[in-house]
Structures are given as structure tokens and as C-alpha cells.
Amino acid sequence: MKLQYFFAFSVLCLIAGRGPMRAEDLLVADFESRSYEGWTITGEAFGDAPASGTLANQQAVSGFRGSGLVNTFHGGDASVGTATSAEITIQRSYIAFLVGGGPHKETVGIELLVDGKRLRAATGSESEELEWSSWDVSELSGKQARLRIFDRATGGWGHIAVDHIIQTDLPPKRFDLQYKLAEYRQSAVYLNEPLRPQVHFTPEINWMNDPNGLVFHNGEYHLFYQYNPAGNSWGHMSWGHAVSRDLIHWKHLPLAIPEEDGVMAFSGCCVVDHKNTSGFGDGKKPPMVAVYTGHGHGKQVQNLAYSTDDGRTWTQYAENPVLDNNIPDFRDPKVFWHAPSNRWVMVVSLAADKILMFYASSDLKSWEELSRFGPAGTTGKSNWECPDLFELSVENEPGRKLWVLEVDMGDGSIAGGSGGEYFVGHFDGTTFTANQDARWVDFGRDFYAPVSWSNIPESDGRRIWIGWLNNWETCLVPTSPWRSCMSIPRTLSLRKVPAFDSTGDSIYALVQRPVKELRQLDVKTLSLNTDAATWPPVAVTKPGALTDMNFVLETTLQPAGARSCGFRIRTGEDEFTEVGYDREPGVVYVDRRKSGIVDFHKAFAGRHEAPARLIDGAITLQIIVDRSSIEVFAGDGEAVISDRIFPTANQPMIEVFAGDESARVTDTTLQQLKSIWRK
Ligand code: FRU
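Computed from a prediction, not measured in an experiment: that's the story for all the values here.

Caption draft 1: Expanded view of the overall build of the protein. Summing up its helical and strand segments, the protein has two helices and 45 strands in all. Each of the three principal axes of the protein carries a C-alpha extent, and together these read 85 × 70 × 50 Å. The buried share of the protein, reckoned over its 679 residues, is 59%. Across the protein, contacts joining residues at least 24 apart in sequence account for 65% of those joining residues at least 6 apart. Carbon and sulfur atoms provide 50% of the accessible area of the protein, an area that totals close to 26,900 Å². Here the protein contributes 64 positive and 85 negative side-chain charges, whose respective centroids are spaced 3 Å apart.

Right under this line is the structure:
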């Protein structure tokens, strides 16, 4: 073997978590050919040949390798059958395979037969995501055996999926992130599953929640996030990592900060320590310093980690924690440089008490308490989490700047479940004072824990944040092998607007707009004829007009005498998501009750309303739709509704409606967007 090939081979083996010095794996079956050659098939469940993925009426199947697998969902759960291999000689210590589907041990599964007797068996775990499973067969070395895949089950989850059967001395671990990632990167559906957002950030595989450590540095926007390296639901929280040069196209990077010694890396922030106050710098360039919550051993503390190579590798500070009050709910620090007082300021949450604490530090290592804020605003039973504090300009009062303090609550928010509120007021370097009542950040159910980027150059001057497009109550969304996505990054400002009450007062409203960089994805503009807006809704797109389900719809609604008008999007048979203006009580709304898959949680189906004002009888809407999300920006960013949707309809039909003939829907364009993942 030439040296470079040997090197490449060794690296590959190491990436896969396996040492190079071992007997090579023996492939038993990969089901890549268009026939079951070598296998004896009975019954109907296996079809005539290996499946190429998901079968009719089945939830998305993932986690298989290449483009073929055994999938006994031919004819649905009701069909039965068996597939029996030719004889093999057992020559390695393990037989390993990918398996998914039903969990019924006696009626669906794969078994090892020696002399016709079952010696080993395995089954699925009620998931269409195939996972590695293996049998230790070292004691059977040299024996002749057969494998049999069987499906005798006819009820719910009465099917099995199997792929890539190997004999090996080192079975892939069920939760080996590198191995799973390497597998997934080869899969035909890589970042392209039917419900995989195409213009929003998602992790390649596994669970994600809050955005963390947002910082701009050396031309890159860093996005860290709460990540479970071991699976597709919450656990083992660590910091995942991605970078972007334009806030839209993301490059996935390796795990940045792992869970260590039973201490998880919870949410936090990242700063560029330009003056090397922390002493973590190497003398050549400023260090990046992450400030995050360590969660474990019954308490939450604040920790540091730093990087001197543009965030590619991270060292956890040897003297962690830097802040330990010996309490269980003390988390999610956000730190920024406060120039007037020449020091770092931290806002961090005493979560269960609904109190935000402010601290100051000259070196990021020793912190002194400054003040406290709260409880205030909505203070139900929930925790306060993930605060952020920054100054914003008022768009329609030139020269005026005000401070905004944002905080999220795990439950009891405006649309139900988790959500965020903001306070507008003043921060003097020590204390925050609110000047008006708390307001909701987003009126949908799926925008949580937004935090803003630090260190964006003054020449740019924007305050930009991103939120977790999900809700803790309904977070187990029907996607795999990944869960959750981030919102489109949004620029922030304030606007003085009339209060939504009879006082005649004014208030400062947070204005959120999708970053302009999104529109580099524009590929095809369709103008829609909406003159015919009537009831019942009429179609304004032709089948095939949109090539994918990621687009921006822009429009102006003039309800006039009508009760409501607006659009139905992603319309299929008895399926649609409705977006419109409702004159009684004066709201923009998203209704996802019939949006597709809604029954995975009883709180998911619903209608979410944002108070919104008409100006000269009209309101503009900018609606961003992706394969499983909708974000509505009403009145040029004055009111926002963000929701996940899980349509089953593949036909991306759009319809317009108006409650009576006086209503007008004008200036409507539909812009198809390009995928950020595919060429
Ligand atoms: C908010 C949150 C944070 C915590 C993190 C844990 O969604 O509960 O308070 O740091 O998630 O994953």
C-alpha cells in the first residue's frame, strides 16, 4: 500500500472510531442490487426487490446505507413474509446490521439460525430511523448459519427494516456520532428529507435546541447550539457548531464543547476578548471566550472555554467554574463589553425565581454582582431562561436609542408553551429599568431562546438574532434523523407605534426583519393574480409552478368590509395552513389546525394571532415558507408569527381568499428560493 493510501485508510478507520489493526469486515448483504438474489422470500411483505427507501403511506425512513434496504411495509403493516439468507460461515466476533421498524420481538425482527434453531434475535424500536445493532457470535466461530428477517405482525408497527449486514470484529456503536455522521453523509437523502428545511439551519443528525455563543469573528458568523451527540431527543447537552460567511449558508463543524464528567454544557454566549483581559490569548490574536452554564451534580454554575484558532478547537478553563452560587437554577449567561464603564457585563437567569442577575468583570474570570431585575411581565409557573440585553435605535425617532432586555419562559407564553418577552428601557451599566410593559417577541408557538450576535463590526451596525424554531411543549417533532431547526436570522430595531389599547399612548415595538442576505437565494419570481380573492379560496398557483417548498410570499391585504382575507398555503386534499388578517379582533393569524401531521402532540394544532394595525386600511405581509416552517412578518416586521408545520401534501398549491367583494389582495409576488444545502 502506498504511504498516502495507508495514511488515508488509517484516518478513515480512526474517523469511524476503529483501529486499523484488525481483520476487515465481511459484507453479508447490502441490498443494493435490484433483486433479492441469494435470499429466499415468502409472503408479500418484502416486495419483489429491496426497497429504495420510504414506501407508500409510510413515515420517512432514514438511516439506511446507499440506496437499497429491506423494508417490509409493502402493502402496509398488514402484509407478512420472511427472507432467509444462504448459509454463511461465522468468521468474525460480531454480526452487525442496521435495523428499524416495529418493536414486537416475537413477530417482527431479524434472527440468526444455526441448525434451524434461533440463537440470536433483534428488532426495531418503533422508529423508521434504522440504528446499528449487533450480536456477539464469538462462541459460534466456524459454524454455518442463516439469517432470517421475519414479519408475522399485521397491526401497528407490523413491519421491519434491515440494511447493511456485516461480520465484524468491532461492531459500530449505536451512538457513535462520527460513525453515524459518516453513514448519514453517504445516504441518498442527505439534508434532503421531505421535511428538512432548505433555507434554515438544521444539524445534520440528532437533537438541537437553543442557539448559543453567537459571535462574528474574522469574517465568520459562528453559530453554536445545544446539541445531543448521542441521539435525537434532549440529553448529553454539548455545544454543536457551524459557521457562515453570509448568515444563510452554513458549514457544519465538529462538536465544540462536550459534556464532561457528568457536567453538561448548557446555553451561553461567546465574546472576542480584543484586549486579552482574560489572558487566554496567545499574544498574536484575541481569544474567543465562551461563557456557558455547567449543569451537573445538582447545581448550575458559569464556566469558561476559549479558542485561539478561530473557534476550531476549544479548551475548558482549568479553574472552572468562574461563578458558583451553589444553586440548581442559575443559567444562560449573556456577556457583552460595556464601553462606558470599561468592563464586561453579564446578565444571567435565576431561572426558577424569574430574576435576572447582572454582574461585572474586568477579566471574565472574577465576577461582582451589580443588580437584579424581576420578577416582571408574565410570571406564571415557568422558568426564566436565555436572557439578552442590547441597545437599539428607534427607526422613526432619529438619534434615539433604547435598551431592550429579552427573556424566555419555558411555559405559559402567548401562544401556549414556551416563548419570549421583551422589556424596553434604560441600562446605566449597573441596573436595567423598564419604561413600558413587557411585550411578546413572537406570537407563534415556535420561536424560543433567541440571542443576538456579538462583535458585529460597527461598519455593519446591525443587531441580528436567531431563535430556536420550536416549542418545549411540542418539541418531539416528527423528523429524523435530526430534530429542530433555527429561524431565519432577523435584524432588530425599535419603532414608536400607537399602543394597542384605548389610552392613545405610544409604545416602542420591537421590529424584526429577515436578514437581507436571505434574498440571495431568490431564483424565480411568480406574480400571482389575486384579483379573484373570494370565498371559498381560489388557487393562484399552477401545479409545478414551484419546484420546492421553500419560498417567500409578499403581499398587501386590504380587508375593507370583509371579516378576513389572506392565503392558504401548502394546500392538499383536506390540508392547508391559513395566513390572514382578521378584522375582528384586528389580528394577523396563522392557523395550522389542518396543516398536515398535527397529532404527534395534543397542543400542536392551533391558531396563533398577533395584534396588528392597518395603515390606510392595509397591512403588508412577508411570509417565509420552508419544507416544515412558516414565519410571517406583518406590517414591515412589527408583528411576527413563527410556526412549524409538517405537511403531507407534496403539491405546493397556494390559494387566496376574501370574506367579501370589498376586500383587496394586491402587490403579491411569490419568490422561489434556492436550497442552501444542494447545488
Ligand atoms: C432553554 C434551556 C436553557 C438551558 C438549555 C438546556 O431552552 O432550558 O435554559 O441552558 O435549554 O439545553
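Caption draft 2: Representation of the site of the ligand in the model. In the neighbourhood of the ligand, 13 residues make up the surrounding shell, with D210, Q226, R331, D332 and E385 lying closest. Within the residue set of the shell around the ligand, elements represented by two or more residues are β12 (206-217), β16 (264-272), β20 (330-338) and β24 (384-393). The class makeup of the residues in the shell around the ligand is six nonpolar, three polar and four charged.

Caption draft 3: Fine view of the pairing of β16. Most of β16 sits inside the fold, with nine of its nine residues counted as buried. Taken together, the seven bridges between β16 and strand β17 (residues 288-296) define a ladder with antiparallel strand orientation. Bridge pairing links V272 to M288 in β17.

Caption draft 4: Structural detail: unusual backbone geometry. For the peptide bond that leads from W535 to P536, omega is 0 degrees, which places it in the cis range. Of note, the amide linkage connecting E584 to P585 takes the cis form, showing an omega dihedral of 20 degrees. With respect to the element layout, P585 can be found in the loop between β38 (575-582) and β39 (587-591). Of note, N342 is a non-glycine position whose phi angle comes to about 55 degrees, a positive value. When you line up the elements, N342 lands in the loop between β20 and β21 (343-350). For D574, which is not glycine, the phi torsion reads 55 degrees and is therefore positive.

Caption draft 5: Structural view of the pairing of strand β32 (residues 490-498). Among the nine residues in β32, seven count as buried, and that is most of the element. Sheet topology places strand β30 (residues 464-468) next to β32; two bridges connect them, and they run antiparallel. By the bridge assignment, I464 is partnered in β32 with T491.

Caption draft 6: Main features of the pattern of salt bridges. Inspection of the entire model under this criterion finds 40 salt bridges. Between R400 and E397 there is a salt bridge, and its shortest N-O distance comes to 2.7 Å. R607 is the partner of D582 in a salt bridge, and the nearest nitrogen-oxygen pair spans 3.0 Å. With D582 in strand β38 and R607 in strand β40 (residues 607-611), the pair connects residues that are 25 residues apart, well separated along the chain. In the salt-bridge network here, residues are joined through shared partners; they are E395, R495, R513, R613, D636 and E638.

Caption draft 7: A look at the nonpolar core. F358, L389, L405, F432, V588, I630 and V632 are the most contacted members of the largest nonpolar core, which has 54 residues in total. When residues are assigned to domains, this core turns out to be shared by domain 2 (187-193 + 201-514) and domain 3 (516-673), each giving three or more. Those residues in contact with L405 that sit more than four places away from it in its chain are V347, L356, F358, F373, D388, L389, E421, Y422, F423 and F432. Counting residues in each nonpolar core, the second largest holds 35 residues, with Y184, Y227, V451 and M486 among its members.

Caption draft 8: Layout of the sheet that holds β40. Strand order across the open sheet formed by six strands is β35-β44-β37-β38-β39-β40, with antiparallel pairing between neighbours. Each having just a single partner strand, β35 (538-539) and β40 make up the two edges of the open sheet. One ladder, built from seven bridges, connects strand β37 (residues 564-572) with β38; its direction is antiparallel. Residue R568 lies in a different strand from β38, and its bridge partner there is E578.

Caption draft 9: Main features of the side chain of Q58. With respect to the secondary-structure elements, Q58 resides in the loop between β2 (39-43) and β3 (70-71). A polar atom in the side chain of Q58 sits 2.8 Å from the side chain of N71.

Caption draft 10: Representation of the domain arrangement of the protein in the model. Here the protein is described as being made up of domain 1 (10-180), domain 2 (187-193 + 201-514) and domain 3 (516-673). Look at where the C-alpha atoms of domain 2 and domain 3 centre, and you get two points 30 Å apart. With 35 residues of domain 2 at the interface, the matching set in domain 3 holds 33 residues. The largest share of the area that domain 2 buries against domain 3 comes from F443, F500 and P514, three residues that together contribute 19% of it. Where domain 2 packs against domain 3, one counts six salt bridges. A salt bridge links E638 to R495; its shortest N-O distance comes to 2.7 Å. There are 21 residue pairs in polar contact (both at pLDDT 80 or more) connecting domain 2 and domain 3. At the level of secondary structure, the elements contributing two or more residues to the side of domain 2 that touches domain 3 comprise β32 and β33 (506-514). If you tally residues by element for the side of domain 2 that touches domain 3, the top one is β33, at five residues.

Caption draft 11: Fine view of the sheet that holds strand β36 (residues 551-558). Spatially, the six strands line up as an open sheet ordered β34-β45-β36-β41-β42-β43, and their pairing is antiparallel. A single partner strand is all that each edge strand has here, and the edge strands are β34 (522-527) and β43 (639-644). With strand direction ignored, the average angle separating the axes of adjacent strands in the sheet is 15 degrees. Relative to strand β45 (residues 664-673), β34 runs antiparallel, the two being bridged by five bridges. Each bridged residue has a counterpart across the sheet, and for K524 the counterpart in β45 is Q672.

Caption draft 12: Spotlight on the environment of L350. Residue placement: L350 occurs in strand β21. Remark: the alpha-carbon pair of L350 and R331, spanning 19 residues in sequence, is separated by 6.7 Å. With near-sequence residues (within four places) excluded, L350 lies in contact with I327, D329, F330, I355, M357 and R372.

Reading the values: the criteria
- Residues numbered from 1 in each chain as written.
- Predicted model: local features only at pLDDT ≥ 70, side-chain atom pairs only at ≥ 80, totals over all residues.
- Heavy atoms only, no water.
- Helix = DSSP H or I, 4+ residues; strand = E, 2+ residues; numbered from the N terminus.
- Buried < 20%, exposed > 50% of the residue type's maximum accessible area, 1.4 Å probe, protein only.
- Contact = heavy atoms within 4.5 Å.
- Areas by Shrake-Rupley, 256 points an atom, 1.4 Å probe, with all protein chains shown as cover.
- Lys, Arg positive; Asp, Glu negative; His and termini not counted.
- Charge placed at Lys NZ, Arg CZ, Asp CG, Glu CD.
- Near = heavy atom within 4 Å.
- Nonpolar A, V, L, I, M, F, W, Y, C, P; charged D, E, K, R; others polar.
- Pairing = 2+ DSSP bridges.
- Salt bridge = Lys/Arg side-chain N within 4 Å of Asp/Glu carboxyl O.
- Core = buried A, V, L, I, M, F, W, Y, C linked by side-chain atoms within 4.5 Å.
- Domains from an automatic or database assignment.
- Polar contact = N/O pair within 3.5 Å; in protein donor to acceptor, adjacent residues only side chain to side chain.
- Buried area = accessible area lost by both parts, 1.4 Å probe.
- Axes fitted to C-alpha atoms, helices over the stretch in contact; angles between N-to-C directions.

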